Amino acid sequence: MIILWPGDIMYNNVLLFLSDAAPYTVKAGSVLKNLYTKMIHTTCSAHALQRIAEEIREQFNYVDELISNMKEKICKSPYHAALFKSIDPGIRLPPEPILTRWGTWLEAATYYCENFQITCNVINALDQNDEDSIKKVKLCVLKPGLENNLAYIKSNFQVFTTVVIKLQMKNLPLADSLTVIQEVKSKFQSLKGTQGKSMLFKLQKVFEKNEGIKILEKILNILEGEDEISDMSQFPEDNSCNDFVYFKYAQTTSVDFGLSGHFHRTKLCYPTIEEHLHLKTCGNI
């Protein structure tokens, strides 16, 4: 803060603290709100969706086994990759998902849903006597319900891959960010079956913990004329109606950097954290 304000720190200019949902950052946010009394702490929406995507992967073990074995035994082998292309030259090779790159596992599941028969043809063309790992790959496509699971994932969760990209866009208005999140919630409300209910429960649990996003939703309603301020106690104690104006371009993800409308995104350097602050750009900062 001394870098931004070499003189007196403008505590009232800090309006939003954006971080991931790790317990220590949530605790840090609670402490910082004692110093910056206008500050709202919200956790990253993209991180929240990633946690839900991880739950999806855990619910579909057979699909995860197929994706993992194809990546290790087929995609990383030049010989097997060449065999894949020889059987169908027009098809792209299977994706190699990286779990820390959001949405790549779901992209892989969608790929195998769209190209399941070709994948089976390639696997069946492999010499089963080559090595034990090939036998393991062959067994993957024989698992009961695998095709059903692939169809279910593509039908219900393909939206994740586009949603995360949208949320990371620079200069995205708060209204657009919250609309994207609401689209995901609405999609999950319509899920059926045991696995669908489990996914819905996970989503509700993740977003219920994010008190900051609930406050941002109320502020957006005010900015769009859908709500009137009848009780200011639901907002940080020192917030005024003028402060709400600066939230028009507030970000809901902490996975990118840049300027955004009335906010300047910077880093807060703390002994154990390096997260994002949105600062009110009025006066000198």
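Predicted, not measured: the structure shown is a model, and the values here were computed from it.

Enquirer: Got a sec to walk through the overall build of the protein chain? Specific residues and values, please.
Expert: For the protein chain, the helix and strand inventory stands at 13 helices and 5 strands. Within the span of the protein chain, comprising 285 residues, buried residues form 47% of the whole. Surface accessibility of the protein chain: about 14,600 Å² in total, with carbon and sulfur atoms responsible for 50%.

Enquirer: Tell me about the packing of aromatic side chains, and name the residues and values.
Expert: Taken as a whole, this structure holds 6 aromatic pairs when the rule is applied. Centre to centre, the rings of Tyr152 and Phe157 are 5.9 Å apart; their planes meet at 70°, and the pair counts as edge-to-face. With a relative accessible area of 21%, Tyr152 lands in the partly exposed category. For Phe157, a relative accessible area of 0% gives the class buried. When the ring of Phe157 is compared with that of Phe188, the centres are 5.6 Å apart and the planes differ by 50°; the resulting orientation is tilted. On the criterion of sequence distance, the pair formed by Phe157 in helix α8 (residues 146-157) and Phe188 in helix α10 (residues 174-189) is long-range, its members being 31 residues apart. Put simply, the rings of Phe60, Tyr152, Phe157, Phe160 and Phe188 pair up and form one aromatic cluster. Across from the ring centre of Phe207, 4.8 Å away, lies the NZ or CZ of Lys185, which sits over that ring.

Enquirer: Quick one: what's the story with the pattern of salt bridges, residue by residue and with numbers?
Expert: Under the criterion given, the structure shown has 7 salt bridges. Across the pair Glu217 and Lys185 runs a salt bridge whose closest N-O atoms are separated by 3.9 Å. Note that Glu217 is positioned in helix α12 (residues 211-223) and Lys185 in helix α10, a separation of 32 residues in sequence.

Enquirer: With reference to specific residues and values, describe the layout of surface pockets.
Expert: Of the volumes computed, that of the largest pocket is approximately 470 Å³. Forming the walls of the largest pocket are 24 residues, and the residues nearest its centre are Val26, Lys33, His41, Glu211 and Gly212. Taken together, the elements giving at least two residues each to the lining of the largest pocket come down to α1 (23-35), β2 (40-43), α2 (45-59), α11 (193-208) and α12. In terms of residues, the lining of the largest pocket owes the most to one element, α1, which gives 4 residues. Residues of the lining of the largest pocket, tallied by class, amount to 11 nonpolar, 8 polar and 5 charged. Counting only domains with at least three residues in the lining of the largest pocket, you end up with domain 1 (1-43 + 241-284) and domain 2 (45-209).

Enquirer: I'd like a description of the nonpolar core, backed by residues and values.
Expert: Judged by nonpolar contacts, the single largest core of 65 residues is most densely connected at Leu49, Val63, Trp105, Phe157, Phe160 and Phe188. Per-element accounting of this core gives the leading share, 7 residues, to α10. Looking at which domains feed residues into this core, each of domain 1 (1-43 + 241-284) and domain 2 (45-209) supplies at least three. Apart from residues no more than four positions distant in its own chain, Phe188 is found in contact with Ile52, Phe157, Phe160, Met199, Leu200 and Leu203. Among the nonpolar cores identified, the runner-up in size contains 5 residues, and Phe17, Leu32, Tyr36 and Met39 belong to it.

Enquirer: Kindly report on the side chain of Thr25, identifying the contributing residues and their values.
Expert: Mapped onto the elements, Thr25 comes out in helix α1. Here the side chain of Thr25 touches Ala22 through a polar contact of 2.7 Å, landing on its backbone oxygen.

Enquirer: Can you explain a negative patch on the surface? Please cite residues and give values.
Expert: On the surface, a cluster of negative charge is contributed by Glu224, Glu226, Asp227 and Glu228. Tracing the backbone shows Glu226 in the loop between α12 and α13 (241-244).

Enquirer: Can you explain the packing of helix α3 (residues 61-75) against α8? Please cite residues and give values.
Expert: Viewed as axis vectors pointing N to C, α3 and α8 meet at an angle of 90°, and their least axial separation amounts to 9 Å. By the criterion of interaxial angle, the relationship of α3 to α8 is roughly perpendicular. Residues Tyr62, Val63 and Leu66 of α3 form the contact with α8, whose participating residues are Leu146, Asn149, Leu150 and Ile153. Looking at the contact of α3 with α8 residue by residue, the classes come out as 6 nonpolar, 1 polar and no charged.

Enquirer: Explain α12 to me, and be specific about the residues and the numbers.
Expert: With 13 residues, α12 should cover 18 Å at 1.5 Å per step; its first-to-last C-alpha distance of 19 Å lies within 8% of that length. For α12, every residue scored as buried is listed here: Gly212, Ile213, Ile215, Leu216, Ile219, Leu220 and Ile222. Axial view of α12: buried residues confined to an arc of 165°, hence all on one face. Elements that come into contact with the buried residues of α12 comprise β1 (14-19), β2, α2, α10 and α13.

Enquirer: Report on the pairing of β1, specifying residues and quantitative values.
Expert: Along β1, 6 of the 6 residues are buried, which leaves the element largely enclosed by surrounding structure. Here 4 bridges tie β1 to β2, and the two strands are oriented parallel to one another. The residue bridging Ser19 from the neighbouring strand is Thr43, located in β2. Where the polypeptide runs from β1 across α1 and back to β2, its parallel neighbour, the crossover connection is right-handed.

Conventions we followed
Residues numbered from 1 in each chain as written. Predicted model: local features only at pLDDT ≥ 70, side-chain atom pairs only at ≥ 80, totals over all residues. Heavy atoms only, no water. Helix = DSSP H or I, 4+ residues; strand = E, 2+ residues; numbered from the N terminus. Buried < 20%, exposed > 50% of the residue type's maximum accessible area, 1.4 Å probe, protein only. Areas by Shrake-Rupley, 256 points an atom, 1.4 Å probe, with all protein chains shown as cover. Phe/Tyr/Trp six-rings, centres within 6.5 Å; stacked < 30°, edge-to-face > 60°. Lys NZ or Arg CZ within 6 Å of the ring centre and 35° of its normal. Salt bridge = Lys/Arg side-chain N within 4 Å of Asp/Glu carboxyl O. 1 Å grid on protein atoms, 1.4 Å probe; cavity = no way out; pocket = protein on both sides within 12 Å on 5 of 7 lines; lining within 4 Å. Points joined across faces, edges and corners; volume = space filled by probe spheres on them. Nonpolar A, V, L, I, M, F, W, Y, C, P; charged D, E, K, R; others polar. Domains from an automatic or database assignment. Core = buried A, V, L, I, M, F, W, Y, C linked by side-chain atoms within 4.5 Å. Contact = heavy atoms within 4.5 Å. Polar contact = N/O pair within 3.5 Å; in protein donor to acceptor, adjacent residues only side chain to side chain. Patch = residues over 30% accessible without salt bridge, like charges linked within 9 Å, V, L, I, M, F, W, Y side chains within 5 Å. Lys, Arg positive; Asp, Glu negative; His and termini not counted. Charge placed at Lys NZ, Arg CZ, Asp CG, Glu CD. Axes fitted to C-alpha atoms, helices over the stretch in contact; angles between N-to-C directions. Parallel < 35°, antiparallel > 145°, perpendicular 65-115°, else oblique. Expected span 1.5 Å × (residues − 1). Arc of directions from axis to C-beta. Pairing = 2+ DSSP bridges. Right-handed = clockwise from strand over helix to strand, strands pointing away.

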